[in-house]
Amino acid sequence: MKIDLNYLNRFSKIEINENLVLNEEIYKNTDIRKLSDISVIGEISVDFEDNIYLELNLKGKMILPCAVSLEDVEYEFNTLIEENIGNFEEIYKNNKNSLDILPILWENIVLEIPIRVVAESVKPSNTSGDGWELISE
């Protein structure tokens, strides 16, 4: 997802309301089996100190393996990115006319992957034992 730095410099703010489609190659080496289109809503702005600031909301669904049965589990995520990504002049020198924010978005999506998920169809195997029993979850 590329941002035009000349446009950002001229207007000091870019509103974003897009659906991001990620190639399967990006998440091939993660636990994610499938990733739906990701809604990206928010803005990118230049503040009074000439820093580029992101304020974006990411929403989507990922399919992860169940920790017990390995069946597919749908997991919805919703994350807010509030990040100062650096000085405008330095970023402009290094990137010329555009800035790719996909690595920042991907980093925040990866942070949303839970350690483990369990499918609703999987029943707990130990609901009682010697001197104890599960009353409710």
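Here, every reference points to the structure presented above.
Only a predicted model underlies this, so the values are computations on that prediction, with no experimental measurement involved.

J.: Pulling in residues and values, what's your account of the environment of Phe48?
T.: Its location among the elements puts Phe48 in the loop between strand E4 (38–46) and strand E5 (51–65). Given the relative accessible area of 78%, Phe48 is considered exposed. Separated by 36 residues in the primary sequence, Phe48 and Ser12 place their C-alpha atoms 9.6 Å from one another.

J.: Can you tell me about the pairing of E4, naming the residues and giving the values?
T.: The buried fraction of E4 is high, at seven of nine residues. As paired strands, strand E2 (residues 13–20) and E4 are joined by eight bridges and run antiparallel to one another. Note that in E4 the partner of Ile16 across the bridge is Gly42. Looking at chain direction, E4 and E5 are connected through eight bridges and run antiparallel. Within E5, the position partnered with Ile44 by the bridge is Leu54. In textbook terms, the turn of a hairpin is the stretch between consecutive antiparallel strands, and for E4 and E5 this stretch comprises four residues, one of which, Asp50, has a positive phi near 70°.

J.: How would you explain the pairing of strand E6 (residues 72–87) if you had to name every residue and give the values?
T.: Regular strands place side chains that alternate from one sheet face to the opposite one. Where E5 lies against E6, 15 bridges are found, and the strand directions are antiparallel. When the bridges of E6 are listed, Ile63 appears paired with Glu74. The antiparallel pairing of E5 with E6 creates a hairpin that spans six residues between the two strands, and Leu70 there sits at a positive phi of about 65°.

J.: Account for the pattern of salt bridges, naming residues and giving values.
T.: Evaluation of the coordinates by the stated rule reveals four salt bridges. A salt bridge links Lys13 to Glu43, with the shortest nitrogen-to-oxygen separation between them at 3.6 Å. Of the two residues, Lys13 sits in strand E2 while Glu43 sits in strand E4, which places them 30 residues apart along the sequence. Salt-bridge contacts for Lys61 lead to Glu74; the nearest nitrogen and oxygen are separated by 3.6 Å. Pair noted here: Lys61 is in strand E5 and Glu74 is in strand E6, with a separation of 13 residues, a long-range link. The exposed category is assigned to Glu74, whose relative accessible area is 51%.

J.: Run through helix H2 (residues 88–95), naming residues and quoting values.
T.: Two to three positions downstream of the cap, the backbone nitrogen of Glu89 sits 2.9 Å from a side-chain oxygen, assigning the N-cap of H2 to Asn87. Where H2 terminates, the next one or two residues include Lys96, which has phi positive at roughly 60°.

J.: Could you give an account of the packing of aromatic side chains, naming the residues involved and the relevant values?
T.: Counted by the stated rule, this structure contains two aromatic pairs. A centroid spacing of 4.6 Å and a plane angle of 50° characterise the contact between Tyr7 and Phe11, whose relative ring orientation is tilted. Residue Tyr7 and its partner Phe11 are both found in helix H1 (residues 5–11); the two are separated by four residues, about one turn of the helix. Residue classification places Tyr7 among the partly exposed positions, given a relative accessible area of 39%. With a centroid separation of 6.0 Å and 20° between ring planes, the pair formed by Phe88 and Tyr92 is classed as stacked. Within this pair, Phe88 and its partner Tyr92 are both found in helix H2, separated by four residues, close to a single helical turn. The class for Tyr92 is partly exposed, based on a relative accessible area of 30%.

Thresholds, definitions, all that
Residues take numbers from 1 onward in each chain, read along the sequence in its written order. Local features are withheld for residues below a pLDDT of 70 in this predicted model, meaning they are given only at 70 or higher, and side-chain atom pairs are given and counted only at 80 or more; totals for whole chains, interfaces and linings count all residues. With hydrogens and water excluded, all non-hydrogen atoms of the structure serve as input to the side-chain values. Numbering of helices and strands starts at the N terminus; helices are DSSP runs of H or I of at least 4 residues and strands are runs of E of at least 2. Relative accessibility under 20% of the residue-type maximum defines a buried residue, over 50% an exposed one, and the middle range a partly exposed one, all with a 1.4 Å probe and only protein chains included. Only strands that DSSP links by at least two bridges are regarded as paired with each other. For salt bridges, the criterion is a side-chain nitrogen of Lys or Arg within 4 Å of an Asp or Glu carboxyl oxygen. Here a polar contact means two N or O atoms within 3.5 Å. Within protein one must be a hydrogen donor candidate and the other an acceptor candidate, and residues neighboring in sequence count only if both atoms are side-chain atoms. Only Phe, Tyr and Trp rings take part, Trp by its six-membered ring, and two of them pair if their centres are within 6.5 Å. Stacked means planes under 30 degrees apart, edge-to-face means over 60, and tilted covers everything else.

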